[in-house]
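Geometric and topological summary
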Amino acid sequence: MNSREKYILQVLQQRGSVSLSELSNTLGVSLVTIRKDVSDLESQDLVSRQHGKVSLPFQYESSQIPFGLRAVVNEQDKRMIAKAAARLVQPGDAIALDSGTTTAMIAEEIKSLPPVSIVTNSIRAAMALEQSQHAVFLAGGQMLGRSLCTVGPEAEKIFYSLRPNKVFVGTTGISGDLSLTASLSNEAGVKRAMIQVA
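Keep in mind that this is a model prediction, so the values were computed, not measured.

Helix 3 (residues 31-43) packs onto helix 2 (residues 20-27) with a crossing angle of 110 degrees between their chain directions and a minimal axis gap of 9 Å. What the angle tells us is that helix 2 and helix 3 run roughly perpendicular. In the packing of helix 2 onto helix 3, the handedness of the crossing is right-handed. Within the contact between the two elements, helix 2 uses Leu-20, Ser-21, Leu-23, Ser-24 and Leu-27 and helix 3 uses Leu-31, Ile-34, Arg-35 and Val-38. Of the residues that constitute the contact of helix 2 with helix 3, the class distribution is six nonpolar, two polar and one charged.

Here you go:
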């Protein structure tokens, strides 16, 4: 995804829709270029194009926002978090990586570090680590297509057997009593297992 496409998604997250001509003027590129960017986003089901404007394709429920759209929201903050998390990883660690946009960025940051053991329920994180020197274990269980992660009792078991000493968990929020929240209850079980064993 190029920087213009990321900008378009950020604007849509804030406003819901925007005209192609406004995007062209703001980004300093031709309407042809904007139309191509919007077409690329539309092919990924991230936007909907109408005559002269672009919008989010429908009102997503929080649990159904596509990964690609979530990845560009607060992207710089997530990258900073990923870099800080990577600095906590030491040679020989056994770490657990949750699924999510920030933890996928953590996987990117740690792939060139000295070998560690990594257990994850994130298919994206496992794929990001495929060329690394790390021992990567992918949890089984039910796959959630939109998130590309595994959940359920089978996914939870691996965390109890491998016992990571560091855990990086994504969350959709923090409640008033400082509990982590998840958009889907079956994702919460995996998060709980990760936290309990670390």
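Further notes follow.
Turning our eyes to something else, we now look at the environment of Ala-128. Relative to the helices and strands, Ala-128 is located in helix 7 (residues 123-128). Between the alpha carbons of Ala-128 and Ile-106 there is a distance of 9.6 Å; along the sequence they are 22 residues apart. If sequence neighbours within four positions are ignored, Ala-128 has contacts with Ala-107, Glu-108 and Lys-111.

Summed over the entire model, instances satisfying the criterion amount to nine salt bridges. Linking Asp-37 and Arg-4 is a salt bridge whose minimum nitrogen-to-oxygen distance equals 2.5 Å. You can see Asp-37 sitting in helix 3 and its partner Arg-4 sitting in helix 1 (residues 3-15), a full 33 residues away along the chain. With a closest N to O distance of 2.9 Å, Lys-111 and Glu-108 form a salt bridge.

With respect to the element layout, Glu-22 can be found in helix 2. Judged by relative accessible area, which is 30%, Glu-22 ranks as partly exposed. For the pair Glu-22 and Gly-52, spaced 30 residues apart in sequence, the C-alpha to C-alpha distance is 9.8 Å. Of the polar contacts made by the side chain of Glu-22, one reaches the side chain of Arg-15; its length is 2.8 Å.

Quick notes on the rules
- Residues numbered from 1 in each chain as written.
- Predicted model: local features only at pLDDT ≥ 70, side-chain atom pairs only at ≥ 80, totals over all residues.
- Heavy atoms only, no water.
- Axes fitted to C-alpha atoms, helices over the stretch in contact; angles between N-to-C directions.
- Helix = DSSP H or I, 4+ residues; strand = E, 2+ residues; numbered from the N terminus.
- Parallel < 35°, antiparallel > 145°, perpendicular 65-115°, else oblique.
- Left-handed = near helix turned anticlockwise from the far one by under 90°.
- Contact = heavy atoms within 4.5 Å.
- Nonpolar A, V, L, I, M, F, W, Y, C, P; charged D, E, K, R; others polar.
- Salt bridge = Lys/Arg side-chain N within 4 Å of Asp/Glu carboxyl O.
- Buried < 20%, exposed > 50% of the residue type's maximum accessible area, 1.4 Å probe, protein only.
- Polar contact = N/O pair within 3.5 Å; in protein donor to acceptor, adjacent residues only side chain to side chain.

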